[in-house]
Amino acid sequence: MAPVRGAKKRKRAEKTAPAPSPGLPLPPLPDGGDWWDVFFRRIAGRLSSPSLLLLASPVLIKVQSRVSPCFFRYRQSSFPREHQSMESVLMMSRKTFDYICSLVKKDLTTKTYGFRNFRFGDKTILGVEDQVAVALMRLTSGESLQNIGMWFGMNHSAISNITWRFIESMEERAICHLKWPSPEEIATIKARFEKIYGLPNCCGAIDTTHILMCSSAQPNSRVWLDKENKNSMILQAVVDADMRFRDIVSGWPGSMDDSCILRTSGFYRLCEKGVRLDKQMELPGGSLVREYIVGDASYPLLPWLMTPYQEQGLPAAKAEFNKRHKAATTVVENALATLKGRWRVIQGELWRPDKHRLPRIIFVCCLITNIIIDMEGTPSKEMLVTGNHDLGYKQQLSNVADDNAAKQRDVLSQYVSAGE
């Protein structure tokens, strides 16, 4: 049988990659400069390019595509010009960056099926440090793949592949940095909470925050619509006194309330079974207090979860407990605010995110936050972001209270008031 007409493949003319946009001359490299300095020179030079700023202008974007206002808000932001060093660009020290590179080096250099070298616009092949820095800039800046690609003269798909390879590697190689504390670590955490906030046997603080999304109209899209009429995904986090994430849950839609998210979590099941937060402490006078975490009024009052008194006109002992309780829950509020401030990819309104990948991005952001704390200590006041991490959301209230938990809270209120 004769071959089908036109079946013979024609040799296509090879497409040449567009030349990178010319940037201003790079700053001189200081004596003894290494990769850290070279990479900063690269981004300092390219981000100063007038042509790049023109390409990223909202006017041209509006002409090229007619899409929702949410898209324009996501695309038109420019890279912050205040960065004077790589530390401010990547939001971490050189020591921490080098450690992260050592974790993912094997995965980012292993040649697998379909492997190809990633190159900058000037044809320079990206090394491990380059790939890690590009991925971190995607997470810290929150810029679109297209914008970051323009900064480096790269295709947006290459930026996506680099970022996702990095995320997958961190999930596997750095998992030890986000785990429930050992008995020795628990003892240290309890000592910290009692010393700072005066709450004995306290093991952490819990809260939730909304990750906003700009979603397309799909049959099941209303499940992501929360009570404030916004599309969102929820992150539940338990942190210690140093704002280190100890347990997180993400991926649930914004239509669920805090109490429901808690009850569907593995953390809840482990605490209810006594696998976690099961040790007791004897207070002066002989009263026993179980290990617990603190949470705001949106949570049920449970033997292992202490919430504030909600009545008006509280007596002195209960008012003192609420005061200390509020101070202790501030640690998780600051942790979530700082998380969003550092990793701008989960700050603001994400443009049609992959709802299967987003929880993994959130997890890695929490993971790297813990690495920074492990390597550099508790965030300084300069690095700390305070204030409301969930602007525009009203306080939820739960009226569920376990009888034994209510008795334990009364014991704690008497204890903290006696220490005054």
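This structure is a prediction, so every number in the text was calculated from the model and none was measured.

**Remarks on the overall build of the protein**
Line of reasoning, step 1. When helices and strands are tallied, the protein shows 15 helices and eight strands.
Line of reasoning, step 2. Each of the 420 residues in the protein was classed as buried or not, and the buried ones make up 49%.
Line of reasoning, step 3. Considering only contacts within the protein whose residues lie at least 6 apart along the sequence, 72% involve residues at least 24 apart.
Line of reasoning, step 4. For the protein, the computed accessible surface area is about 21,600 Å², with 53% contributed by carbon and sulfur atoms.

**Quick word on the pattern of salt bridges**
Line of reasoning, step 1. Under the counting rule described, the total for this entry stands at 15 salt bridges.
Line of reasoning, step 2. Close ionic contact of arginine 192 with aspartate 242 constitutes a salt bridge, the shortest N to O distance being 2.5 Å. On the criterion of sequence distance, the pair formed by arginine 192 in helix H10 (residues 183-197) and aspartate 242 in the loop between strand S2 (232-239) and strand S3 (245-253) is long-range, its members being 50 residues apart.
Line of reasoning, step 3. Look at arginine 192 and you get partly exposed, because its relative accessible area is 32%.
Line of reasoning, step 4. Several salt bridges share partner residues, and in doing so they unite Lys179, Glu185, Asp240, Arg244, Arg246 and Asp374 into one network.

**Looking at the confidence of the model for the protein**
Line of reasoning, step 1. Looking at the protein, pLDDT values average 81 and 78% of them are 70 or higher.
Line of reasoning, step 2. Counted against residues more than four places away or in other chains, residues 1-32, with its pLDDT under 50, gives 25 contacts.
Line of reasoning, step 3. Here residues 47-79 is modelled with pLDDT under 50, and outside its nearest four sequence neighbours on either side it reaches 55 contacts, counting other chains as well.

**Comments concerning the environment of valine 400**
Line of reasoning, step 1. Within the element layout of this structure, valine 400 appears in the loop between helix H14 (358-376) and helix H15 (403-418).
Line of reasoning, step 2. Taking the relative accessible area as the measure of exposure, valine 400 reaches 39% and is therefore partly exposed.

**As for unusual backbone geometry**
Glycine aside, negative phi is the norm for most residues, and most peptide bonds take the trans geometry.
Line of reasoning, step 1. You will see that asparagine 201, though not glycine, has its phi angle at about 65°, which is positive.
Line of reasoning, step 2. Tracing the chain through its elements places asparagine 201 in the loop between H10 and strand S1 (202-214).
Line of reasoning, step 3. The class of asparagine 201 is buried, set by a relative accessible area of 3%.
Line of reasoning, step 4. Backbone geometry at asparagine 229 places phi at a positive 65°, although glycine is not the residue there.

**As for the side chain of aspartate 240**
Line of reasoning, step 1. Within the secondary structure layout, aspartate 240 lies in the loop between S2 and S3.
Line of reasoning, step 2. Judged by its relative accessible area of 1%, aspartate 240 falls in the buried class.
Line of reasoning, step 3. In this structure the side chain of aspartate 240 is engaged in a polar contact, spanning 2.9 Å, whose partner is the backbone nitrogen of arginine 244.
Line of reasoning, step 4. Ignoring anything within four residues of it in the chain, the contact list for aspartate 240 reads Ile189, Phe193, Arg246 and Val331.

**Some points on the packing of helix H8 (residues 145-152) against helix H9 (residues 156-173)**
Line of reasoning, step 1. Between H8 and H9, the shortest axis-to-axis distance is 8 Å and the interhelical angle comes to 105°. One element, H8, and the other, H9, form an angle in the roughly perpendicular class. Judged by residue contacts, Leu145, Gln146, Ile148 and Gly149 of H8 engage His156, Ile159 and Ser160 from H9.
Line of reasoning, step 2. Counted by class, the contact of H8 with H9 contains three nonpolar, four polar and no charged residues.

**Thoughts on helix H13 (residues 316-342)**
The α-helix winds at 3.6 residues per turn, so residues separated by three or four positions along the chain end up facing the same way.
Line of reasoning, step 1. Over its 27 residues, H13 runs 39 Å from end to end, which matches the ideal 39 Å to within 8%, given 1.5 Å per residue.
Line of reasoning, step 2. Of all 27 residues that make up H13, 20 are buried, and the element is covered over most of its length.

Reading guide: rules and limits
Residues numbered from 1 in each chain as written. Predicted model: local features only at pLDDT ≥ 70, side-chain atom pairs only at ≥ 80, totals over all residues. Heavy atoms only, no water. Helix = DSSP H or I, 4+ residues; strand = E, 2+ residues; numbered from the N terminus. Buried < 20%, exposed > 50% of the residue type's maximum accessible area, 1.4 Å probe, protein only. Contact = heavy atoms within 4.5 Å. Areas by Shrake-Rupley, 256 points an atom, 1.4 Å probe, with all protein chains shown as cover. Salt bridge = Lys/Arg side-chain N within 4 Å of Asp/Glu carboxyl O. pLDDT = per-residue confidence, 0-100. Polar contact = N/O pair within 3.5 Å; in protein donor to acceptor, adjacent residues only side chain to side chain. Axes fitted to C-alpha atoms, helices over the stretch in contact; angles between N-to-C directions. Parallel < 35°, antiparallel > 145°, perpendicular 65-115°, else oblique. Nonpolar A, V, L, I, M, F, W, Y, C, P; charged D, E, K, R; others polar. Expected span 1.5 Å × (residues − 1).

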